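Residue-level structural notes
Each chain is listed here by its residues.
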Amino acid sequence: MSTSFGISHELDGPYSASGTGWRRLDIMDRIFDQDPRATPFFELTGQSTATNRDHFWQVRGVKARASAAVTEGKALTGQQVSAPTRARNRVQTNHTGVEITRFSQKEAHYGVASIWEDQVNLRSYEHRASTEFDLISSTEVTETASTVPKMKGLLASITTNVSAINSTSLTETRFLDMLEISWQNQDSPVLTCMVNSKLKRAIDLFSAGGATRNIDAQTGEIRLNTTKYYSTYGEVDVVLSRDLNNTASFAMLVLFDKMPMNKAYLDRTHLQPVAKTKDADTMVIIDDLTLEFGNEEANVKYSGWLV
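Residues numbered from 1 in each chain as written. Predicted model: local features only at pLDDT ≥ 70, side-chain atom pairs only at ≥ 80, totals over all residues. Heavy atoms only, no water.

Observations concerning the packing of aromatic side chains
In the structure shown here, the tally under the stated rule is seven aromatic pairs. With a centroid separation of 5.3 Å and 75° between ring planes, the pair formed by F41 and F256 is classed as edge-to-face. With F41 in helix α2 (residues 40-44) and F256 in strand β13 (residues 251-256), this residue pair connects regions lying 215 residues apart in the sequence. Note on W57 and F293: the rings are 5.4 Å apart at their centroids and 85° apart in plane angle, and the pair reads as edge-to-face. Taken together, the positions of W57 in strand β4 (residues 54-59) and F293 in the loop between β15 (280-292) and β16 (300-305) put the pair 236 residues apart, joining distant regions of the chain. (Phe/Tyr/Trp six-rings, centres within 6.5 Å; stacked < 30°, edge-to-face > 60°. Helix = DSSP H or I, 4+ residues; strand = E, 2+ residues; numbered from the N terminus.)

What follows is the structure, given as structure tokens:
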């Protein structure tokens, strides 16, 4: 999917026709900012450090609830230390190139004081968007001579509470069913619901067909945007994602506990010069990271909603 940002004004000049290229004709009115709403999963997850391309961490589990009653005076026998479980994910390298010819560096550009600053800013935005896509959608791939290593993203990491809804409409009752499943297995007071644009409209109409609508008589504004849902099973933050499928047979809604999730960096995001091989200067925005997740059974993934 391609998204346009910023505002541009085309200029007619004696040496060119309108609309033939931004270098001579366009004024970029604003710089490309890192908008946290464009990469919600990246913003919601924490940060940690990886020390190897195969990143390992430990997850603690709690045994199922059961009676602890014993006869009076019973001796304690066979009590074992509760050891953590080792989890792993593959570190992947992400890079986005920035290349500017010597000619382009010398000539003037309307509305751009520094062509390097402009291009690095734009590519940084694209780099974070690509990282967001991988953190959510990547499937783990082991490195070989012909394959690029990839991490296991959020969707691939959810394996227990997974269901194909098969063209069923998203209702508030079904949403509560998902929350109940997560509540049975999670210990965080706040869950996150990540949803695509089509299903978000269904959530906005929860509670008797639209009781969440707020009409301001003074300003004439209509507000229909559910960002927080309070239920018996706790609070839910509702966020929009461009990286969840919107099509009818694959539309997806994901509930996850963000507390144990981190971006584990083997090497932090940085700008690195690349050896010059032609009449251009090249740099690369590069990092090495993977997704670190904790209580997998607290996460729920339903796909195939009717949209």
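After presenting the structure, the write-up continues.
What to know about the pairing of β13
Of all the six residues making up β13, six are buried; the element is thus mostly covered by neighbouring parts of the structure. Inspection of the sheet shows strand β8 (residues 190-195) paired to β13 by four bridges, in the antiparallel sense. Each residue of the ladder has a partner; that of V195, found in β13, is L253. Bridging between β13 and β16 involves five bridges; their strand directions are antiparallel. (Buried < 20%, exposed > 50% of the residue type's maximum accessible area, 1.4 Å probe, protein only. Pairing = 2+ DSSP bridges.)

Details of the nonpolar core
Counting residues in each nonpolar core, the largest one holds 21 residues, and the members touching the most others are F41, L154, M194 and V254. Per-element accounting of this core gives the leading share, three residues, to β13. Discounting chain neighbours no more than four positions away, the residues touching F41 are E132, L135, I136, L154, M194, F256, M261 and L291. (Core = buried A, V, L, I, M, F, W, Y, C linked by side-chain atoms within 4.5 Å. Contact = heavy atoms within 4.5 Å.)

Some points on the sheet that holds β15
An order of β3-β14-β15-β6 is seen for the four strands of this open sheet, with the pairing classed as mixed. Here the strands that pair on one side only, and so sit at the sheet edges, are β3 (46-49) and β6 (92-101). Averaged over all adjacent pairs, the angle separating strand axes in this sheet is 35°, with direction ignored. Looking at chain direction, strand β14 (residues 262-273) and β15 are connected through nine bridges and run antiparallel. (Axes fitted to C-alpha atoms, helices over the stretch in contact; angles between N-to-C directions.)

Digging into the confidence of the model for the protein chain
Within the protein chain, residue pLDDT values average 82, and 85% of them lie at 70 or more. Across residues 1-31, confidence stays below pLDDT 50; counting only partners more than four residues off in sequence or on other chains, it has 50 contacts. (pLDDT = per-residue confidence, 0-100.)

Things to note about the side chain of N196
Within the secondary structure, N196 is located in the loop between β8 and α7 (197-204). Within polar-contact distance, the side chain of N196 engages the backbone oxygen of N245 at 2.5 Å. In contact with N196, not counting residues within four places along its chain, are L240, S241, L244, N245, N246, A251 and M252. (Polar contact = N/O pair within 3.5 Å; in protein donor to acceptor, adjacent residues only side chain to side chain.)

What to know about the pairing of β14
A regular strand places its side chains so that they alternate between the two faces of the sheet. Note: β3 against β14, four bridges, orientation parallel. Each residue of the ladder has a partner; that of T49, found in β14, is Y265. The antiparallel pairing of β14 with β15 creates a hairpin that spans six residues between the two strands.

Looking at the sheet that holds β13
Spatially, β7-β16-β13-β8-β12-β11 is the arrangement adopted by the six strands of the open sheet, whose pairing is mixed. Bordering the open sheet on either side are β7 (161-168) and β11 (228-231), each of which pairs with just one other strand. Averaged over all pairs of adjacent strands, the angle between their axes in this sheet comes to 20°, without regard to strand direction. Running at roughly 155° to β16, helix α6 (residues 172-183) makes contact with β7, β8, β11, β12 (234-240), β13 and β16 of the sheet.

Quick word on the environment of T49
For T49, the position within the fold is in strand β3. For the pair formed by T49 and L266, sequence separation is 217 residues and the distance between their alpha carbons is 6.1 Å.

Quick word on the pattern of salt bridges
This model, assessed by the stated rule, comprises 12 salt bridges. Note that R123 and E126 form a salt bridge whose closest N and O atoms lie 2.8 Å from each other. Note that R123 and E126 are positioned in helix α4 (residues 115-137) at a spacing of three residues, about one turn of the helix. Residue K200 is joined to D204 by a salt bridge in which the shortest nitrogen-to-oxygen separation is 2.8 Å. Here D204 and K200 lie together in helix α7, a separation of four residues that amounts to about one turn. (Salt bridge = Lys/Arg side-chain N within 4 Å of Asp/Glu carboxyl O.)

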